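Summary of structural features
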Amino acid sequence: MAEHVYKIVELVGSSPTSIEEAVQNALTKAGTTIRNTRWFQVTETRGYIEEGHVAHWQVTIKLGFTIED
């Protein structure tokens, strides 16, 4: 079994629809420049309010990916 070394970056995704979509938006955008993504961890969830209603969800994630040899 090969030994792996991981790097972690912190991202904030947003969505007017849902927390899950905010996470997916962050992962999709990161996937355009980061290879070998392996896992994520939600570290913070918050929302933006307009006129008494949730206008946007904002989710902070830590994204782990393997370092290439």
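Whatever comes next refers back to the structure up there.
Below is a summary of the structure that appears in this document. (Residues numbered from 1 in each chain as written. Predicted model: local features only at pLDDT ≥ 70, side-chain atom pairs only at ≥ 80, totals over all residues. Heavy atoms only, no water.)

Remarks on the overall build of the protein
Helix and strand content of the protein: 1 helix and 3 strands. When the helices and strands of the protein are listed from N to C terminus, the series reads β-α-β-β. Taking 2.2 N^0.38 as the reference for a compact globule, 69 residues should give roughly 11 Å; the C-alpha atoms of the protein span a radius of gyration of 14 Å, well beyond that estimate. Taken along its principal axes, the extent of the C-alpha atoms in the protein is 55 × 20 × 15 Å. Classification of the 69 residues of the protein by burial places 23% in the buried group. Accessible surface, the protein: about 5200 Å² in total, of which carbon and sulfur atoms supply 51%. (Helix = DSSP H or I, 4+ residues; strand = E, 2+ residues; numbered from the N terminus. Rg over C-alpha atoms; globule rule 2.2 N^0.38 Å. Buried < 20%, exposed > 50% of the residue type's maximum accessible area, 1.4 Å probe, protein only. Areas by Shrake-Rupley, 256 points an atom, 1.4 Å probe, with all protein chains shown as cover.)

Notes on the nonpolar core
Counting residues in each nonpolar core, the largest one holds 5 residues, listed as Ala 22, Val 23, Ala 26, Val 59 and Ile 61. When residues of this core are traced back to their parent elements, those giving at least two are helix H1 (19-30) and strand S3 (53-66). With 3 residues, H1 is the single largest residue contributor to this core. (Core = buried A, V, L, I, M, F, W, Y, C linked by side-chain atoms within 4.5 Å.)

Concerning the environment of Thr 32
Inspection of the secondary structure assignment puts Thr 32 in the loop between H1 and strand S2 (37-50). Separated by 2.6 Å, the side chain of Thr 32 and the backbone oxygen of Lys 29 make a polar contact. (Polar contact = N/O pair within 3.5 Å; in protein donor to acceptor, adjacent residues only side chain to side chain.)

Remarks on the sheet that holds strand S1 (residues 6-15)
An order of S1-S3-S2 is seen for the 3 strands of this open sheet, with the pairing classed as antiparallel. For this open sheet the edge positions go to S1 and S2, each flanked by a neighbour on one side alone. The mean angle between the axes of side-by-side strands here comes to 15 degrees, regardless of whether they run parallel or antiparallel. For S1 and S3, the ladder comprises 10 bridges, and the chain directions are antiparallel. Of the residues in S3, the one forming a bridge with Ser 14 is Gln 58. In the packing of H1 onto the sheet, the strands contacted are S1, S2 and S3, and the crossing angle to S3 comes to about 45 degrees. (Pairing = 2+ DSSP bridges. Axes fitted to C-alpha atoms, helices over the stretch in contact; angles between N-to-C directions. Contact = heavy atoms within 4.5 Å.)

With respect to a nonpolar patch on the surface
On the surface, Tyr 6, Ile 8 and Trp 39 cluster together into a nonpolar patch covering about 290 Å² of accessible area. Counting through the fold element by element, Tyr 6 comes out in strand S1. (Patch = residues over 30% accessible without salt bridge, like charges linked within 9 Å, V, L, I, M, F, W, Y side chains within 5 Å. Salt bridge = Lys/Arg side-chain N within 4 Å of Asp/Glu carboxyl O.)

Taken by themselves, the reported measurements are silent on function.
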